[in-house]
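The lines below spell out each chain.
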Amino acid sequence: MEPLPKEGEPAPAAAAGAGEPSRGTASSSGVVVQVREKKGPLRAAIPYMPFPVAVICLFLNTFVPGLGTFVSAFTVLCGAQTDLPDRHMCCVFWLNIAAALIQILTAIVMVGWIMSIFWGMDMVILAISQGKFFFYCFS
């Protein structure tokens, strides 16, 4: 058993592990790792809206917490797609209404206001990622 190094001294190379690459070197094993975001039901219920509508919802959420989320709920009824294809349109509508109510009720302690702003930013990000820059692109 080897003695532990004193403070300020580097650890000996043998203690780092024989045959293991050090932390600073890259392994070239050719493994591809894919990261996929797991969304909860409220987050997945955010509709893919046209860019101008998403910006308006962000603006509304910034100044009146939950209002932009409430407006976005009605875009689901107008045919906007979500990440919940297996759920009925009315269920997704009510999930968005629930998110708006959570934002409104918790705005008193600033949590809802911050959540509302992030929700609006997610709406804009989703609109940009889908390339929906016009009002007629709900399908």
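In the block above lies the structure referred to throughout.
Since this is a predicted model, take the numbers as computed values, not measurements. (Residues numbered from 1 in each chain as written. Predicted model: local features only at pLDDT ≥ 70, side-chain atom pairs only at ≥ 80, totals over all residues. Heavy atoms only, no water.)

Asks: Explain the nonpolar core to me, please; I cannot follow it from the model alone.
Replies: Across soluble globular proteins, nonpolar side chains show a tendency to be buried alongside one another. Grouped together as the largest cluster of nonpolar side chains are 12 residues: Ile46, Tyr48, Met49, Val53, Ala54, Cys57, Ala99, Trp119, Met123, Val124, Leu126 and Ala127. Among the elements of the structure, α2 (51–63) and α5 (111–130) are those that each provide at least two residues to this core. Among the elements that make up this core, the one with the highest residue count is α5 (5 residues). Apart from residues no more than four positions distant in its own chain, Ile46 is found in contact with Gln81, Thr82, Asn96, Trp119, Asp122, Met123 and Leu126. (Core = buried A, V, L, I, M, F, W, Y, C linked by side-chain atoms within 4.5 Å. Buried < 20%, exposed > 50% of the residue type's maximum accessible area, 1.4 Å probe, protein only. Helix = DSSP H or I, 4+ residues; strand = E, 2+ residues; numbered from the N terminus. Contact = heavy atoms within 4.5 Å.)

Asks: Can you walk me through the environment of Arg43 in this structure?
Replies: In this structure, Arg43 sits in helix α1 (residues 41–44). Along the backbone, Arg43 and Leu95 are 52 residues apart, and their C-alpha atoms lie at a distance of 9.2 Å.

Asks: Would you explain the packing of α2 against α5 in this entry?
Replies: A packed helix pair is summarised by two numbers, namely the angle formed by the two axes and the spacing between the axes. Relative orientation of the contacting elements α2 and α5 amounts to 170°, with a least axis distance of 8 Å. In this view, α2 runs roughly antiparallel relative to α5, as classed from their interaxial angle. On the side of α2, the interface is formed by Phe51, Ala54, Val55, Cys57, Leu58, Asn61 and Thr62, while α5 contributes Trp113, Ser116, Ile117, Trp119, Gly120, Met121, Met123, Val124, Ala127 and Ile128. (Axes fitted to C-alpha atoms, helices over the stretch in contact; angles between N-to-C directions. Parallel < 35°, antiparallel > 145°, perpendicular 65-115°, else oblique.)

Honestly, that's just the spatial picture; any functional story needs more than this.
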